[in-house]
Amino acid sequence: MKIIQTTPVFDNWFASLRDRSVKVRIQMRIDRAEFGNFGDCAPVGEGVSEMLVHFGCGYRVYFVQRGDEMVVLLAGGGKPTQSKDIKTALKLARKL
């Protein structure tokens, strides 16, 4: 089982989501990741990857693994803001 940690950037983004069904689906992906099942993911550079949530506007959760047990959720966003969100996630990963 993996330890999931979050950044304040991720926490603020997740809290800002208004659609409960979106929050539930994203939380389900995070719960699966806790057990090592990351599902549809793609690397975005510098060890950062994005979990794709095929729902709504194409939500993404940006994360980095630290060792075998820890996963840090860096940021989140949708397809329309993907470029900006990747830059934010990479910047956060460099600070860890």
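What you see is a predicted model; the values in this text were computed from it and never measured.

Peer 1: Would you mind going over the pairing of strand S5 (residues 70-77) with me for this structure?
Peer 2: Look at any regular strand and the pattern is simple: side chains alternate between the two faces of the sheet. With respect to burial, S5 is a largely interior element, seven of its eight residues being buried. Summarising the sheet, strand S1 (residues 3-6) and S5 pair through four bridges and their orientation is parallel. Residue pairing across strands places Ile3 opposite Met70, the latter belonging to S5. As paired strands, strand S4 (residues 59-66) and S5 are joined by seven bridges and run antiparallel to one another. Its bridge partner lying in S5, Arg60 is registered against Gly77.

Peer 1: Got a minute to help me understand the nonpolar core in this structure?
Peer 2: Here is a general trend for soluble globular proteins: nonpolar side chains tend to be buried in one another's company. Ranked by size, the top nonpolar core spans 16 residues in total, and within it Trp13, Ile26 and Leu73 carry the most contacts. Elements with a minimum of two residues in this core: helix H1 (8-16), helix H2 (20-34), strand S3 (48-53), S4 and S5. For this core, the element with the highest residue contribution is H2, accounting for four residues. Grouped together as the second largest cluster of nonpolar side chains are eleven residues, Val72, Ile86, Leu90 and Leu92 included.

Peer 1: Help me understand the packing of aromatic side chains, please; the structure alone is not making it clear to me.
Peer 2: Here a ring pair, both rings aromatic, is described through the centre-centre distance and the interplanar angle of the planes. On inspection of all chains with the given rule, the structure shows five aromatic pairs. Taken together, a centroid distance of 6.5 Å and an interplanar angle of 50 degrees make the contact between Trp13 and Tyr59 tilted. On the criterion of sequence distance, the pair formed by Trp13 in helix H1 and Tyr59 in strand S4 is long-range, its members being 46 residues apart. For the pair Trp13 and Tyr59, one class covers both residues: buried. An angle of 10 degrees between the planes, with centres 5.1 Å apart, marks the rings of Phe38 and Phe63 as stacked. Taken together, the positions of Phe38 in the loop between H2 and strand S2 (41-45) and Phe63 in strand S4 put the pair 25 residues apart, joining distant regions of the chain. As far as burial versus exposure is concerned, Phe38 and Phe63 are alike and both buried. Following the ring pairs from residue to residue traces out a cluster consisting of Phe10, Trp13, Phe14 and Tyr59. If you follow Lys23 out to its NZ or CZ, it ends over the ring of Phe14, 5.3 Å from the centre.

Peer 1: What am I meant to see in the side chain of Arg60 here?
Peer 2: Here Arg60 lies in strand S4. Engagement of the side chain of Arg60 in a polar contact is seen with the backbone oxygen of Gly58, the distance being 2.8 Å. Apart from residues lying up to four places away in sequence, Arg60 is in contact with Trp13, Glu50, Met51, Leu52, Ala75, Gly76, Gly77, Gly78, Lys79 and Gln82.

Peer 1: In this structure, what is going on with helix H3 (residues 82-95)? I would like to understand it.
Peer 2: For an α-helix, the turn length of 3.6 residues means that residues three or four places apart are oriented alike. Here H3 spans 20 Å end to end across 14 residues, near enough to the 20 Å set by a 1.5 Å rise per residue. Listed in full, the buried residues belonging to H3 are Gln82, Asp85, Ile86, Ala89, Leu90, Leu92 and Ala93. For H3, the angular spread of buried residues about the axis comes to 165 degrees, placing them on one side. Facing away from the buried side of H3, by more than 90 degrees, are the exposed residues Ser83, Lys84, Lys87, Arg94 and Lys95. Of the surrounding secondary structure, the elements contacted by the buried residues of H3 are H1, S2, S3, S4 and S5.

Criteria and cut-off values
- Residues numbered from 1 in each chain as written.
- Predicted model: local features only at pLDDT ≥ 70, side-chain atom pairs only at ≥ 80, totals over all residues.
- Heavy atoms only, no water.
- Buried < 20%, exposed > 50% of the residue type's maximum accessible area, 1.4 Å probe, protein only.
- Helix = DSSP H or I, 4+ residues; strand = E, 2+ residues; numbered from the N terminus.
- Pairing = 2+ DSSP bridges.
- Core = buried A, V, L, I, M, F, W, Y, C linked by side-chain atoms within 4.5 Å.
- Phe/Tyr/Trp six-rings, centres within 6.5 Å; stacked < 30°, edge-to-face > 60°.
- Lys NZ or Arg CZ within 6 Å of the ring centre and 35° of its normal.
- Polar contact = N/O pair within 3.5 Å; in protein donor to acceptor, adjacent residues only side chain to side chain.
- Contact = heavy atoms within 4.5 Å.
- Expected span 1.5 Å × (residues − 1).
- Arc of directions from axis to C-beta.

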